[in-house]
Amino acid sequence: MSDLFDHAMQERMKSEAPLAARMRPRTLEEYIGQEHIIGAGKLLRRAIEADRLFASIILWGPPGTGKTTLAQVIANQTRSHFETLSAILAGKSELREVIDRAQERSRLYKQKTILFVDEIHRWNKAQQDALLPFVENGTVTLIGATTENPFFEVIKALVSRSRIFQLRNLNQAEIGVLLDRAIADPERGYGTRRIHLAPDARAHLVDMATGDARNALNALELAVESTPVDSDGVIQVTLDVAQESIQRRAVLYDKDGDAHYDTISAFIKSVRGSDPDAALYWLAKMIYAGEDPRFILRRLVILAGEDIGLADPQGLVVAASAVTAFEFVGLPEGIYALAEATLYLATAPKSNSATSYFKAMQSIEQEGAGSVPKHLQDGNRDREATGQGQGYLYPHEMEGHFTPQQYLPRRLLGTYFYTPSNEGYESQVEARLARWRAAQKLALGIEQERHLPDLPQERINDLKRNIK
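Residues numbered from 1 in each chain as written. Predicted model: local features only at pLDDT ≥ 70, side-chain atom pairs only at ≥ 80, totals over all residues. Heavy atoms only, no water.

Chemist: Where do I start with the sheet that holds strand E3 (residues 113-118) in this structure?
Modeler: Sheet strands pair by backbone hydrogen bonding; their relative direction is either parallel or antiparallel. The sheet built from five strands is open, its strands ordered E2-E3-E4-E1-E5 with parallel pairing. Every other strand in the sheet has two partners, leaving strand E2 (81-86) and strand E5 (162-166) as the edge strands with one partner each. The sheet shows a mean angle of 15 degrees between the axes of neighbouring strands, taken without regard to direction. Sheet topology places E3 next to strand E4 (residues 141-146); five bridges connect them, and they run parallel. If you follow Ile114 over to E4, its bridge partner there is Thr141. (Pairing = 2+ DSSP bridges. Helix = DSSP H or I, 4+ residues; strand = E, 2+ residues; numbered from the N terminus. Axes fitted to C-alpha atoms, helices over the stretch in contact; angles between N-to-C directions.)

Next comes the structure, spelled out in structure tokens:
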């Protein structure tokens, strides 16, 4: 009797489930999109159709692209037993129960087990490590689903034992097919009801869904369920209804996830690349999605020093002023400080010569720190007894406020860490510094110059980590 009630409850839940859940494709033929991985003749499609999913796979893509749906299609297609865990809700104990059942099933019935782990990136390293041995020995074949980059969020051992398939946002034509199918389907959709989806309303839903099938179907459901029938018994989904049903365009932006880092990366690279229009676009996306403006301002201050530098020394002043102005004003008017700093830096001449600092740091790291020359030492402590500071020439007493004397340790004379660019203000520095270096070389008898090459960004990042 309990089985009968359980079955009745499951059937009722299916009928009462949201439209997006009811309309999930059950077969590959019903599945929409992702032709690059499950189109005719593709490896994954062949494996699913032949029920030969021997290797574990990880499905990576934005929300609403069909990761869970594809896993369910595989479940419908395979003769293996299919188990499901949500990494949000399940931990090691639930995983242990699944493994125990899989081992018993293999021992008694020679039946394989496919384990689908939704949101696998939510499991910590220890939880993922607990799964690893059973993927390695074939106790389970893993299907992991994640919205985050698995190369960062899934342990390397699991990634190396899995095929990664990246799913993309659906295009507008594919979203349109899903909407039309939901309206026409008499079993799971609205095929038993008279619905007229106006062309401009349909276009609006398609456009505003931004490639997310679930978002589109949720909006359609809200539009249909909230609209009364007219005098002819038809539900008229007009543009006004569609706009009310999906008022705000969904923006994929998780502050701890890939979209966050990808968007700030695009913003920084647009400013660095002197494209103010792209910079404003990515700025607007971040603010629209709820990013903390202080995070953006911190990155602008860093960028002003790293990428604008002495080509326009005012860049750092403007960025720092934007921080102060925003703290004083706040949102929404504080956006002007953000926008002005973004535009100023994007349109300023560029120089990354400040990274010359890391050449000096590398020199100390590799060659050790040199002693301070006697004449540069502090003479206020014991000048007479030790000779500290003696022989120092005060530049402001000299013509042009410059005198060519030794400032580096003797073994480093002729070493040049800083190479000014010929951009903006720094082009003036370039000419002035060339004169000073020539005079110093002559006065100190420097025979050989040592210009250090620029460091690759990876090496600079390494050196940054050593800054205490």
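Chemist: What am I meant to see in the side chain of Asp185 here?
Modeler: With respect to the helices and strands, the residue Asp185 is situated in the loop between helix H10 (172-184) and strand E6 (195-197). Within the structure, Asp185 has its side chain in polar contact with the backbone nitrogen of Glu187 (distance 2.8 Å). Residues within four places of Asp185 in sequence aside, it is in contact with Met23, Tyr190 and Gly191. (Polar contact = N/O pair within 3.5 Å; in protein donor to acceptor, adjacent residues only side chain to side chain. Contact = heavy atoms within 4.5 Å.)

Chemist: Please explain empty space enclosed by the protein as it appears in this structure.
Modeler: Where empty space is left can be seen by rolling a probe of water-molecule size over the atoms. Counted by the stated rule, this structure contains one cavity of 30 Å³ or more. If you add up the space inside the largest cavity, you get close to 30 Å³. When grouped by side-chain class, the residues that make up the lining of the largest cavity number three nonpolar, no polar and one charged. (1 Å grid on protein atoms, 1.4 Å probe; cavity = no way out; pocket = protein on both sides within 12 Å on 5 of 7 lines; lining within 4 Å. Points joined across faces, edges and corners; volume = space filled by probe spheres on them. Nonpolar A, V, L, I, M, F, W, Y, C, P; charged D, E, K, R; others polar.)

Chemist: Can you walk me through unusual backbone geometry in this structure?
Modeler: In terms of backbone geometry, most residues other than glycine have negative phi values and most peptide bonds are trans. For the peptide bond that leads from Leu331 to Pro332, omega is 5 degrees, which places it in the cis range. By the element assignment, Pro332 lies in the loop between helix H17 (314-329) and helix H18 (335-347). Notably, His401 is not glycine yet its phi reads approximately 55 degrees, a positive angle. Mapped onto the secondary structure, His401 falls in the loop between helix H20 (383-386) and strand E8 (415-416). Its relative accessible area of 52% is what places His401 among the exposed residues. (Buried < 20%, exposed > 50% of the residue type's maximum accessible area, 1.4 Å probe, protein only.)

Chemist: What should I look at first to understand the nonpolar core in this one?
Modeler: Nonpolar side chains in soluble globular proteins generally cluster together in the buried interior. Residues Ile175, Leu179, Leu205, Leu220 and Val237 are the most contacted members of the largest nonpolar core, which totals 31 residues. Examining the composition of this core, we find that seven residues originate from one element, helix H12 (residues 213-225), more than from any other. When residues no more than four places from it in sequence are discounted, the contact partners of Ile175 are Leu170, Val206, Ala209, Gly211, Asp212, Ala213 and Ala216. With 24 residues, the next largest nonpolar core counts Ala279, Met286, Ile308 and Val318 among its residues. (Core = buried A, V, L, I, M, F, W, Y, C linked by side-chain atoms within 4.5 Å.)

Chemist: I would appreciate a short explanation of the confidence of the model for the protein chain in the present structure.
Modeler: Close reading of the predicted structure is inappropriate where its pLDDT is low. Per-residue confidence for the protein chain gives a mean pLDDT of 89; residues scoring 70 or more make up 93%. Here residues 4-9 is a poorly scored stretch, pLDDT under 50, and it has zero contacts once near neighbours within four places are set aside; other chains count. (pLDDT = per-residue confidence, 0-100.)

Chemist: Would you mind showing me how to read H18 here?
Modeler: A rise of 1.5 Å per residue sets the reference length of H18, with its 13 residues, at 18 Å; its end C-alpha atoms lie 18 Å apart and thus fit the reference within 8%. Of all the residues in H18, the buried ones are Ala337, Leu338, Ala339, Ala341, Thr342, Leu345 and Ala346. (Expected span 1.5 Å × (residues − 1).)

Chemist: Explain the packing of helix H16 (residues 293-308) against H18 here, please?
Modeler: If you want to describe how two helices pack, look at the angle between their axes and the distance between the axes. One way to put it is that H16 packs onto H18 with a least axis distance of 11 Å and a crossing angle of 20 degrees. By the angle class used here, H16 and H18 are roughly parallel. Our pair here, H16 against H18, has a crossing hand that is left-handed. Between H16 and H18, the contacting residues are Pro293, Ile296, Leu297, Leu300, Leu303, Ala304 and Ile308 on the first element and Leu338, Ala341, Thr342 and Leu345 on the second. (Parallel < 35°, antiparallel > 145°, perpendicular 65-115°, else oblique. Left-handed = near helix turned anticlockwise from the far one by under 90°.)

Chemist: What is the right way to read the pairing of E3 from this model?
Modeler: The side chains of a regular strand alternate, first on one face of the sheet and then on the other. When you tally the buried positions in E3, you get five out of six residues, the bulk of the element. The pairing of E2 with E3 spans six bridges and is parallel. Pairing of Glu83 across the sheet is with Leu115, part of E3. Taken together, E3, helix H7 (residues 125-136) and E4 form a β-α-β motif whose crossover is right-handed. (Right-handed = clockwise from strand over helix to strand, strands pointing away.)

Chemist: What's the story with the pattern of salt bridges in this structure? I'm lost.
Modeler: Pairs can form between side chains of opposite charge whenever their charged atoms are close. Counting across every chain of the model gives 23 salt bridges. Of the charged contacts, one joins Glu221 and Arg22 as a salt bridge, the two residues approaching to 4.0 Å between their closest N and O atoms. Placement of Glu221 in helix H12 and of Arg22 in helix H2 (residues 19-22) is noted, with a sequence separation of 199 residues between them. Arg22 carries the same exposure label as Glu221, and that label is buried. Between Asp180 and Arg202 there is a salt bridge, with its nearest N and O atoms 2.9 Å apart. Residue Asp180 is found in helix H10, and its partner Arg202 is found in helix H11 (residues 199-208); the two are separated by 22 residues along the sequence. By relative accessible area, Arg202 is classed as partly exposed at 27%. (Salt bridge = Lys/Arg side-chain N within 4 Å of Asp/Glu carboxyl O.)

Chemist: Whenever I open this one, the packing of helix H19 (residues 356-367) against helix H22 (residues 457-464) confuses me. Can you help?
Modeler: Taken N-terminus to C-terminus, the directions of H19 and H22 make an angle of 70 degrees; their axes are 10 Å apart at the nearest point. Of the possible angle classes, the one that applies to H19 and H22 is roughly perpendicular. Note on packing geometry: the crossing formed by H19 with H22 is left-handed. Every residue of H22 that contacts H19 at Phe358, Met361, Gln362, Glu365 and Gln366 is listed here: Arg459, Ile460, Leu463 and Lys464.

Chemist: Would you explain the packing of aromatic side chains in this entry?
Modeler: The way to describe two aromatic rings as a pair is by their centre distance and the angle between their planes. On inspection of all chains with the given rule, the structure shows three aromatic pairs. Ring geometry for Tyr357 versus Phe358: centroids 5.1 Å apart, planes at 80 degrees, classification edge-to-face. The exposure class of Tyr357 is partly exposed, given its relative accessible area of 45%. When the ring of Phe402 is compared with that of Trp436, the centres are 5.5 Å apart and the planes differ by 20 degrees; the resulting orientation is stacked. Separated by 34 residues along the polypeptide, Phe402 in the loop between H20 and E8 and Trp436 in helix H21 (residues 426-444) bring together distant segments of the chain. (Phe/Tyr/Trp six-rings, centres within 6.5 Å; stacked < 30°, edge-to-face > 60°.)

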